[in-house]
Amino acid sequence: MKIIIQHDQMDCGPACLAMVASNYGKNYSLQYLRDNSFITKEGVSMFGIVEAAKKIGFETFPVKLTIEKLISSHESFPCILYWGKNHFVVLKKVSKKFLSSDYTFQIADPAHGLISIKEQEFKKYWISNDSMGIALFLKPSEEFFNIQVPKEKKITLNYILQYLTPYKRQLILMFFLLLAGSAVTLAFPFLTQALIDDGVSAKNLNLIALILLSQLGLFLGSITIEVVRNWLMLFIGTKLSITIISDYLKKMLQLPIRFFDTKKMGDFNQRIQDNERIEEFLTSQSLLTFFSIINFSVFFGVLLYYNYTILTVYLILTVLSIGWSYYWLKKRKVLDYLRFQQRAENQESVFEIIKGVTEMKLNQFEDFKRSQWEEVQQKLFKVNIRILKLNQIQLSGFEFMNQLKNILVTFLAATLVVNDKMTLGGLLSVSYIIGQMNSPVNQLISFFRSLQDAKLSLERLNEVQSYPAEESSGQVALPLYTQNNYEFKGIRFDDVSFQYAGSKSPYVLKNINLFIPEGKITAIVGASGSGKTTLMKLLLKFYEPTEGKISYDDININDISPENLRSSCGVVMQDGYIFSDSIERNIITGEKNADESKLRQAVKTANIEEFIESLPLRYETKIGASGNGISGGQKQRILIARAVYKNPHYIFFDEATSALDSENEKIIHDNLQEFFKGKTVVIIAHRLSTVKNADQILVLKNGELIEKGNHQQLVSERTEYFNLVKNQLELGL
């Protein structure tokens, strides 16, 4: 069974399933299992793992059992355990110590690697209540072995190396500078030998002075070459970093909303740092290693010229030291994953503290959250200790072999001098050559480590680059509402149902059949959790229906380009975002230059003109991310102005005026009536005064459409809508 480490904080379930599948010879990618586990930001449920396991051909047996029954089920191992109330691990095997009654449990933890724990500690993490714990036993069916594992498109080093293509000229220049630097360095051992043998031994001061001046000149030339090379590396490195991260962000922004539902802020931050590691590998490590190999090759030839026996001893010990380092590098791979997760969790924790400081102060939550952060630091500290321990073992062994190599080579050279087979100058020259050859070897070890980091980063980067983009070929543009060649003009839901987390999860929407007519105002009401916002997200193609079909003017929404659809929609969501930018930019968003008349009309409609004009910088006033520095009502009015400025055909408002006082709400409501003319409008609101005049009102309850009609009709029916409005409107009842 392969030990598979989770890439992100919420990947433990898919990683466990991937490990069990590998035990039976099938290697599934984490991304494929994620997609079929219905993973969310809260993690994955046992139901989700069962769904994914069935998808790949496993027979599943989720059970709650005692530790004695678990041990007796050893023939069904490996199995997945629910661990520590918020995690999943794989139980690989259970063993009993000789002449002891204690059991040892071998656990494959996707967050820590392969670990062995004693029975008492195992009970602490696995048993939940009633002296029982939860386990998922998996048995491969015949279908499991017949199913073809989906091929995952891998990002190779060749893909990354293509980023160097635009910098061919700079790289060629660096190559020639390298050759020049190598030629300069090559002269030093011969000058050293000449200094001792022809200068010092012959007591020729003129020659000594000439050789020393030559060395000084060569040294200055070497420094100049180094300076130019460093400038070139800075230039290439900076450009590469910008290009790689920009490409990553471009691809990431092309992904569907569902992808972002499974990630936390810390995971994305760590992936940005992954790109930086790739950039470092391409510039600092790859180029330096290439240069070092050339230098090593040059001095290899010089040492061969001096004595092949010394060269043979040097090479044997060098290969041994590199082999030692490479062995420990393979063990470092798991620890790198662990550090990635802990750093992501650390960033998430700090981000939450900063963002939630107001609520923490109001509710005396500071000490608890700080303690949580300290726990994350302790986990990170333990991982760093393990990495340090491994690095010290690797480095100590490497340095010992390196020093042994230097001593043996020096001893051999000294023996040759004593036996008059080498001059004293030759001894010093060999010592200089060995010193120059050691540096490339050290650089090669750094290169291996950087290569490993780059490969690990590529695996995580691959999740973004190989994930299918939201836009695909063959999708069509939203039909223009001026066209009249459609039987039903408007938006239609046909038996639409939706679940966020697979077939075992609750339905958020169930069998919705409705028609939103063209050019009319449709209001959606219902208690919290009735599915109103989810319905709007389906309209915006954030998610696809689990069952049924949504159509815009008889065209299936699945066939419509998401970008084109949203460009025709003006949307105010409950959690609308204010960017850290000027008020003007927050309203006009992607447009390069503002249309002054449209901008004025938008702020007037949103009744925020007076507020903007009262500011010293007016439209150029910068407001913070998420609306820091402005009130909730002002934030909502800017969001409304943003939607109005776009002047779209479809308007979707989700609690767009919930933070406004009644006076502002009435003014904006009256202003919007003129703007709504000829547009297809969908409004979600709890304040029913906002939707009273809608052409059509839809009432949702527990994900089902239970009523539809206008205000008067629904009130007269005296059912759900009547119950919703009777406490808000004076009906004289």
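Residues numbered from 1 in each chain as written. Predicted model: local features only at pLDDT ≥ 70, side-chain atom pairs only at ≥ 80, totals over all residues. Heavy atoms only, no water.

Visitor: Give me the sheet that holds strand S7 (residues 490–498): which residues, what numbers.
Guide: Two modes of strand pairing occur in sheets, parallel and antiparallel, and in both the strands are linked by backbone hydrogen bonds. Spatially, S8-S7-S10-S11 is the arrangement adopted by the 4 strands of the open sheet, whose pairing is antiparallel. Since the sheet does not close on itself, it has two edges, and those belong to strand S8 (509–517) and strand S11 (555–556), each with one partner. Of the pairings in the sheet, the one linking S7 to S8 comprises 6 bridges and is antiparallel in character. Opposite Ile 491, over in S8, you have Ile 516 as the bridge partner. (Pairing = 2+ DSSP bridges. Helix = DSSP H or I, 4+ residues; strand = E, 2+ residues; numbered from the N terminus.)

Visitor: Give a detailed account of the sheet that holds strand S3 (residues 87–96), specifying residues and quantitative values.
Guide: Pairing within the open sheet is antiparallel, and its 6 strands lie in the order S1-S6-S2-S3-S4-S5. Across the chains shown, the open sheet's two edge strands, defined by having one partner strand only, are strand S1 (58–65) and strand S5 (113–118). The mean angle between the axes of side-by-side strands here comes to 30 degrees, regardless of whether they run parallel or antiparallel. Running over the sheet, helix H1 (residues 12–23) touches S1, strand S2 (79–83), S3, strand S4 (103–109) and strand S6 (133–140) and is turned about 40 degrees from S3. (Axes fitted to C-alpha atoms, helices over the stretch in contact; angles between N-to-C directions. Contact = heavy atoms within 4.5 Å.)

Visitor: For the packing of helix H2 (residues 30–37) against helix H3 (residues 46–55), give the residues involved together with the corresponding values.
Guide: Look at H2 against H3: their axes get within 8 Å of each other, and the N-to-C directions meet at 120 degrees. By the angle class used here, H2 and H3 are oblique. In this structure, the crossing between H2 and H3 has a hand that is right-handed. Residues Tyr 32, Leu 33, Asn 36 and Ser 37 of H2 form the contact with H3, whose participating residues are Gly 48, Glu 51, Ala 52 and Lys 55. Across the contact of H2 with H3, the residue classes break down as 3 nonpolar, 3 polar and 2 charged. (Parallel < 35°, antiparallel > 145°, perpendicular 65-115°, else oblique. Left-handed = near helix turned anticlockwise from the far one by under 90°. Nonpolar A, V, L, I, M, F, W, Y, C, P; charged D, E, K, R; others polar.)

Visitor: An account of the packing of helix H21 (residues 632–646) against helix H22 (residues 662–676) is requested, with residue identities and associated values reported.
Guide: Interaxial distance between H21 and H22 falls to 13 Å at its minimum, and their mutual angle equals 5 degrees. Relative to H22, H21 is oriented roughly parallel. For the pair H21 and H22, contact is made by Arg 637, Ile 640, Ala 643 and Val 644 and by Asn 664, Ile 668, Leu 672 and Phe 675, respectively. Of the residues that constitute the contact of H21 with H22, the class distribution is 6 nonpolar, 1 polar and 1 charged.

Visitor: With reference to specific residues and values, describe the UniProt feature "transmembrane region" (unreviewed entry) in the chain.
Guide: Per the UniProt entry, the sites bearing "transmembrane region" (unreviewed entry) are residues 171–192, 204–225, 287–306 and 312–329 in this numbering. Helix makes up 95% of residues 204–225 and strand 0%, with an end-to-end C-alpha separation of 32 Å. Helix and strand shares over residues 312–329 are 100% and 0% respectively, and the end C-alpha atoms of the span are 26 Å apart. (UniProt positions renumbered as here; feature names shortened; annotations may be inferred.)

Visitor: Lay out the pattern of salt bridges in plain terms, naming residues and giving numbers.
Guide: Counted by the stated rule, this structure contains 13 salt bridges. The salt bridge involving Glu 613 is made with Arg 600; its shortest N-O contact spans 3.2 Å. Pair noted here: Glu 613 is in helix H20 (residues 609–613) and Arg 600 is in helix H19 (residues 596–605), with a separation of 13 residues, a long-range link. With a relative accessible area of 31%, Glu 613 lands in the partly exposed category. On the accessibility criterion, Arg 600 (36% relative accessible area) is partly exposed. In this structure, the salt-bridge partner of Glu 674 is Lys 677, at a minimum N-O distance of 3.1 Å. As far as burial versus exposure is concerned, Glu 674 and Lys 677 are alike and both exposed. Linked through salt bridges whose partners overlap, the residues forming this network are Glu 596, Arg 600, Glu 613 and Arg 618. (Salt bridge = Lys/Arg side-chain N within 4 Å of Asp/Glu carboxyl O. Buried < 20%, exposed > 50% of the residue type's maximum accessible area, 1.4 Å probe, protein only.)

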